[in-house]
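If you want the building blocks of each chain, they are given just below.
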Amino acid sequence: AYEIQQSDWSSDVCSSYLFETSDGRYVALCALEEKFFANFCRSACCEELIEHQHTPASANNPYYGKMISIIKSRSFEQWKEFSGRVDCCMSPVLHTDELKDSTYVRERGFIEHKWGLDYAAAVLPEKNGFLNYDKPFHRLGEDNEKYLGK
């Protein structure tokens, strides 16, 4: 399994970062617009952070430290529920086995069933789906002989 690293996240401000929850799961907060960060802060009872939205996500920034503490104070499920009711651009980082049960994923057509398997889209699918192929993707090693002569 892939282990999430903070360095995998491209933002460098505390209002848009990947945060660990109390139970070791992750949520992504992408509140770059003022209204979204203000919604987050008001709903999470940390209004004092609103004016520090664009401060650096660095260890020596006390506001970033406060954000870490706030997110770490609740479980993944609590933040998942929070993100569903507060318009703040927060998203739970789901495990692959959780994707099919996600309303967000289902409503947007990110899962397609074809050739006896379920596939997850990495981008927003086109109107007619993202599996517009006549046959399934090649299986590992399927074409070795054809292309490698082995």
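Just above, that's the structure.
Residues numbered from 1 in each chain as written. Predicted model: local features only at pLDDT ≥ 70, side-chain atom pairs only at ≥ 80, totals over all residues. Heavy atoms only, no water.

**Observations regarding the packing of aromatic side chains**
Okay, step 1: Using the criterion set out here, one finds eight aromatic pairs in the structure.
Okay, step 2: When the ring of W79 is compared with that of F82, the centres are 4.9 Å apart and the planes differ by 75°; the resulting orientation is edge-to-face. Taken together, the residues span about one helical turn, with W79 and F82 both in helix α3 (residues 76-85) at a distance of three residues. The two residues W79 and F82 agree in class, both being buried.
Okay, step 3: Site record: aromatic cluster; members linked through ring pairs are F37, F40, W79 and F82.
Okay, step 4: Across the ring face of F76, the terminal group of R25 is positioned such that the distance to the ring centre comes to 3.7 Å. (Phe/Tyr/Trp six-rings, centres within 6.5 Å; stacked < 30°, edge-to-face > 60°. Helix = DSSP H or I, 4+ residues; strand = E, 2+ residues; numbered from the N terminus. Buried < 20%, exposed > 50% of the residue type's maximum accessible area, 1.4 Å probe, protein only. Lys NZ or Arg CZ within 6 Å of the ring centre and 35° of its normal.)

**Quick word on helix α2 (residues 62-72)**
Okay, step 1: Within α2, burial applies to Y64, M67, I70 and I71. On an axial view of α2, the arc spanned by its buried residues comes to 115°, and they lie on one face.
Okay, step 2: Where α2 is buried, its residues touch β1 (16-20), β2 (26-30), α1 (34-43), α3 and β3 (90-92).
Okay, step 3: The distance from a side-chain oxygen at the start of α2 to the backbone nitrogen of Y63 is 2.9 Å, and the residue carrying that oxygen is N61. (Arc of directions from axis to C-beta. Contact = heavy atoms within 4.5 Å. Polar contact = N/O pair within 3.5 Å; in protein donor to acceptor, adjacent residues only side chain to side chain.)

Distances and angles like these do not, on their own, reveal function.
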